[in-house]
Amino acid sequence: IIVCSVVPTVKEHVIKFAKMPCQCQIVELTHDMNFGIKIGTDVPTRTGMDLIAIAALINSKTNDGVLVNLGTATTIVKVKDGVFEGAIIMPGIISSFEGLVNNAANLSCFVLKPSEKIVGTNTEDAISIGIVNAHAEAIKGLVGKMNVRDVYISGGNSVYIKDLVPYTYIKQATIQGMKEIEKAN
């Protein structure tokens, strides 16, 4: 079992739970491992293991690429010539939606969806455009400035925008990246 989490209490519970029913070997990704890639961030030991796992996956697919991972946060990880050059971290689609709904008294939850409209003619459309469509546009703008050859998209919330961006979808990128690191060790 390979474990990677940026939430220490979750990581501890997962490791403890995994040890209980079986005598499985547990591999916790740590900063002293061989990642199969150079970490080019300012402080490599403070770089999230999830980002490193994604960088390892990108590096296994291309020497010039970006992966956009949409989860609680939306991360954009850049790799060039075997070096994890850095990342962008922004609030995720659902995190943004919950923050808006939880802090505006007259709003309630509804199903977010992309819109073909430019401006909303009702509250649900206006919020969907402001969160889903704007998220896709922000990602396209940021990725466009990176001048990379290959762009991938993954994550549970990619369902909201994967049809709005021209990127290659990869299922479970973080897990695939963890497997790449395991292979390098």
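Given the structure is predicted, the values throughout are model-derived calculations rather than measurements.

Rules of the game
- Residues numbered from 1 in each chain as written.
- Predicted model: local features only at pLDDT ≥ 70, side-chain atom pairs only at ≥ 80, totals over all residues.
- Heavy atoms only, no water.
- Buried < 20%, exposed > 50% of the residue type's maximum accessible area, 1.4 Å probe, protein only.
- Helix = DSSP H or I, 4+ residues; strand = E, 2+ residues; numbered from the N terminus.
- Pairing = 2+ DSSP bridges.
- Salt bridge = Lys/Arg side-chain N within 4 Å of Asp/Glu carboxyl O.
- Contact = heavy atoms within 4.5 Å.
- Expected span 1.5 Å × (residues − 1).
- Arc of directions from axis to C-beta.
- Phe/Tyr/Trp six-rings, centres within 6.5 Å; stacked < 30°, edge-to-face > 60°.
- Lys NZ or Arg CZ within 6 Å of the ring centre and 35° of its normal.

A. How the structure looks around the pairing of strand E7 (residues 150-154). Most of E7 is tucked away: four of the five residues are buried. Inspection of the sheet shows strand E4 (residues 64-70) paired to E7 by five bridges, in the parallel sense. For Gly-65, the partnering residue across the bridge sits in E7 and is Asp-150. Taken together, the two bridges between E7 and strand E8 (residues 168-169) define a ladder with parallel strand orientation.

B. Local environment of the pattern of salt bridges. Applying the stated rule across the entire model yields six salt bridges. Across the salt bridge formed by Glu-137 and Lys-140, the nearest N and O atoms sit 3.0 Å from each other. With Glu-137 and Lys-140 both in helix H4 (residues 123-145) and three residues apart, the pair spans about one turn of that helix. Residue classification places Glu-137 among the partly exposed residues on the basis of a relative accessible area of 49%. Note that Lys-183 and Glu-180 form a salt bridge whose closest N and O atoms lie 3.1 Å from each other. Remark: Glu-180 and Lys-183 occur in helix H5 (residues 173-184); sequence separation between them is three residues, near one turn of the helix. According to the relative accessible area criterion, Glu-180 is partly exposed, its value standing at 22%.

C. Just the side chain of Asn-157, in detail. Counting through the fold element by element, Asn-157 comes out in the loop between E7 and E8. We classify Asn-157 as buried; its relative accessible area is 14%. Residues contacting Asn-157, with those up to four places away along its chain left out, are Leu-70, Gly-71, Ile-93 and Ile-94.

D. Focus on H5. Between its first and last C-alpha, H5 extends 17 Å over twelve residues, near the 16 Å set by a 1.5 Å rise per residue. Those residues of H5 not exposed but buried are Ala-173, Thr-174, Gly-177, Met-178 and Ile-181. For H5, the angular spread of buried residues about the axis comes to 140°, placing them on one side.

E. Just the packing of aromatic side chains, in detail. Enumeration according to the criterion identifies one aromatic pair in this entry. Aromatic pair Phe-97 and Phe-110: ring centres 5.1 Å apart, planes at 80°, arrangement edge-to-face. Highlighted residues: Phe-97 in helix H3 (residues 93-103) and Phe-110 in the loop between H3 and H4, separated in sequence by 13 residues. A residue is classified by how much of its surface remains accessible, and Phe-97, at 5% relative accessible area, is buried. The aromatic ring of Tyr-169 is capped on one face by Lys-162, whose charged end is 4.3 Å from the ring centroid.

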